[in-house]
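Spelled out from the first residue to the last, the chains are:
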Amino acid sequence: MTDKKRDREGRILPENMTQRKDGTYMWRKSIDGRKYCIYGKTLGEIKQKRDVALGEIRKGQYKGKHKKMKEEKEQAQKDITLNEWFFQWEKVYRVGNIKDSTLNTNHRQYMTYFSNTIGRMKIKEIRQIDITNILNQLSREGQRYSSLAHYVGLLSLIFKDAINNGLIDKNPVKGALKVRREAAREKRILTEQEEEHFLTFVENDSLHKRYVPLFIVGFGTGMRIGELLSLTWKDIDFQKEVIHVNKTLVRLSDYVKQGGKTRFTITTPKTGKSTRDVPMLGKVKEALLVQQKNRKKFNKLSIDGYKDFVFTSKTGNVFDPRNIRRTIKSIINKMNKEETELAKAEGREAIIFDYFTPHCMRHTFATRCYEKGVREKVIQKILGHSKLDMTLNIYTHTTEEMIEEDIKKLEG
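All of the points below concern the structure found in this document. (Residues numbered from 1 in each chain as written. Predicted model: local features only at pLDDT ≥ 70, side-chain atom pairs only at ≥ 80, totals over all residues. Heavy atoms only, no water.)

### Structural notes on the overall build of the protein chain
Here is the rule we go by: Helical segments are the DSSP runs of H or I of at least four residues, strand segments are the runs of E of at least two, and each set is numbered from the N terminus. Summary of the burial criterion: residues with accessible area below 20% of their type's maximum are buried, those above 50% are exposed, and those between are partly exposed, where the area comes from a 1.4 Å probe applied to protein chains only. Should any heavy atoms of two residues lie within 4.5 Å, those residues are considered in contact. Method for areas: the Shrake-Rupley scheme with a 1.4 Å probe, in which residue coverage is limited to the protein chains shown.
Along the backbone of the protein chain there are 16 helices and 10 strands. Across the 412 residues that make up the protein chain, the buried fraction comes to 41%. Long-range contacts, defined here as pairs at least 24 residues apart, represent 58% of the contacts in the protein chain between residues at least 6 apart. On the protein chain, roughly 25500 Å² of surface is accessible, and the fraction owed to carbon and sulfur atoms is 49%.

Below, the structure written as structure tokens:
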């Protein structure tokens, strides 16, 4: 009679079972030409696992360790929340593939509007109605259709890549935006009289006088505020009387790489057509010469390798685009306060100056060009638009005076 295999405690081991050097147990057997191998920490555990495995083998349902692990991993992946998937997606698909400014804007929007709602749900359980409910609520809170459409675009990308990775079968974002598109707001355009009045007031105001060159260049070139604030003196060609537009300044709250820390960065312009040469009008040249005369010659400020910026603050730093917005508001508040006091003294109704944003200078420049008969293709090139319809539909504004002039032409 052959000796039975025993474990370290002297117990007789079942057939095809051994104890390993580390004290664990292994059951190994070949059935119908296929090898099966199972491990257990105790003798009782390995017996139980063996019995389960033999039952599954008889029914043709046996799954090996690696296959089980793979299936468990796939199931766990399908059970992840939208927040968990978003952070994976952002790291793999977005970081390094899009501009940091876009990356952080998208991150902030997702965290603000979705992380505490559908973000906590399992991605496979999110339905169109869940997304529609959030969008409807944002609309009731005052979010415009264009903003909601932008959020939908971001979510659609997130879910589309989830489909590509086998996490879900359908994109719940499709058709989720049920909010009615509102009529487009008429953009604020300064008339020639308003533009002149504003610049004259700033020129005579001791607190804001130093902003005059910036506003003259803004109204006289149609540059975006980020392009304007990123200008360095190397971009100014007085001899050829052109301004080289080749970059833009962005104030970045870096949520992805620096935990929300704010910094300035210089990046490429908005589109390929945005890199351009803008003609330097006479009044613009004069303003830049004044600015050059008053420049801080020993300013060592450097951002992403760029230095010697045209427009800087009293402390020698670049202007924050938000500060320009606040400065305009401060100037207009002062204008209206003085006008209200004067109107009261003269016994008449005050003429209130409506507030405008820095981007309004771009709108106003385009409209001045249009009013003076500059051809649309030329305006498009100066503004750096990729398509002509952007110039025609967004940045031109038909004034009452232009309507009257055209009616007179018809009468003639």
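### Comments concerning the nonpolar core
What counts is decided by this rule: To qualify as a nonpolar core, a set must consist of buried Ala, Val, Leu, Ile, Met, Phe, Trp, Tyr and Cys residues joined through side-chain atoms within 4.5 Å.
One finds Phe198, Phe215, Ile236, Leu288, Phe311 and Phe356 to be the most contacted residues of the largest nonpolar core, which totals 51 residues. Breaking this core down by element, the ones donating at least two residues are helix H7 (192–203), helix H8 (212–221), helix H9 (225–229), strand E5 (242–245), helix H11 (282–293), helix H12 (321–346), helix H13 (359–371) and helix H14 (376–383). If you tally residues by element for this core, the top one is H8, at six residues. Beyond its immediate sequence surroundings of up to four residues, Phe356 is in contact with Arg188, Leu190, Phe198, Phe219, Ile328, Ile332 and Met361. Within the second largest apolar cluster, 27 residues are counted, among which are Leu82, Trp85, Phe86 and Leu135.

### Regarding the environment of Arg34
Looking at the element boundaries, Arg34 is found in strand E3 (residues 34–40). Residues within four places of Arg34 in sequence aside, it is in contact with Lys29 and Tyr62.

### Overview of the sheet that holds E5
Within a sheet, each strand pairs with its neighbour through backbone hydrogen bonds, oriented either parallel or antiparallel. Put simply, the rule reads: In this analysis, strands are considered paired if DSSP registers two or more bridges between them.
The antiparallel open sheet is built from three strands, whose spatial order is E4-E5-E8. Of all strands in the sheet, those with a lone pairing partner are strand E4 (236–237) and strand E8 (276–279), marking the two edges.

### Focus on the pattern of salt bridges
Selection rule: By salt bridge we mean one thing: a side-chain nitrogen of Lys or Arg within 4 Å of a carboxyl oxygen of Asp or Glu.
Under the defined criterion, the tally for this structure stands at 21 salt bridges. With a shortest N-O distance of 3.5 Å, Arg11 and Glu9 are connected by a salt bridge. For Glu9, a relative accessible area of 63% puts it in the exposed group. Arg50 is the partner of Asp51 in a salt bridge, and the nearest nitrogen-oxygen pair spans 3.2 Å. Among the charged side chains, a salt-bridge network with shared partners connects Glu195, Lys283, Arg368 and Glu371.

### Quick word on the environment of His244
Put simply, the test is: Whenever a nitrogen or oxygen atom comes within 3.5 Å of another N or O atom, the pair is scored as a polar contact, on the condition that within protein one atom can donate a hydrogen and the other can accept it, and that pairs from neighbouring residues in sequence are kept only if both atoms are in side chains.
With respect to the element layout, His244 can be found in strand E5. Linking His244 and Pro279, residues 35 residues apart in sequence, is a C-alpha distance of 9.0 Å. Setting aside residues no more than four positions away along its own chain, His244 makes contact with Leu231, Lys234, Asp235, Asp237, Arg276 and Asp277. A distance of 2.7 Å separates polar atoms of two side chains, one belonging to His244 and the other to Asp277.

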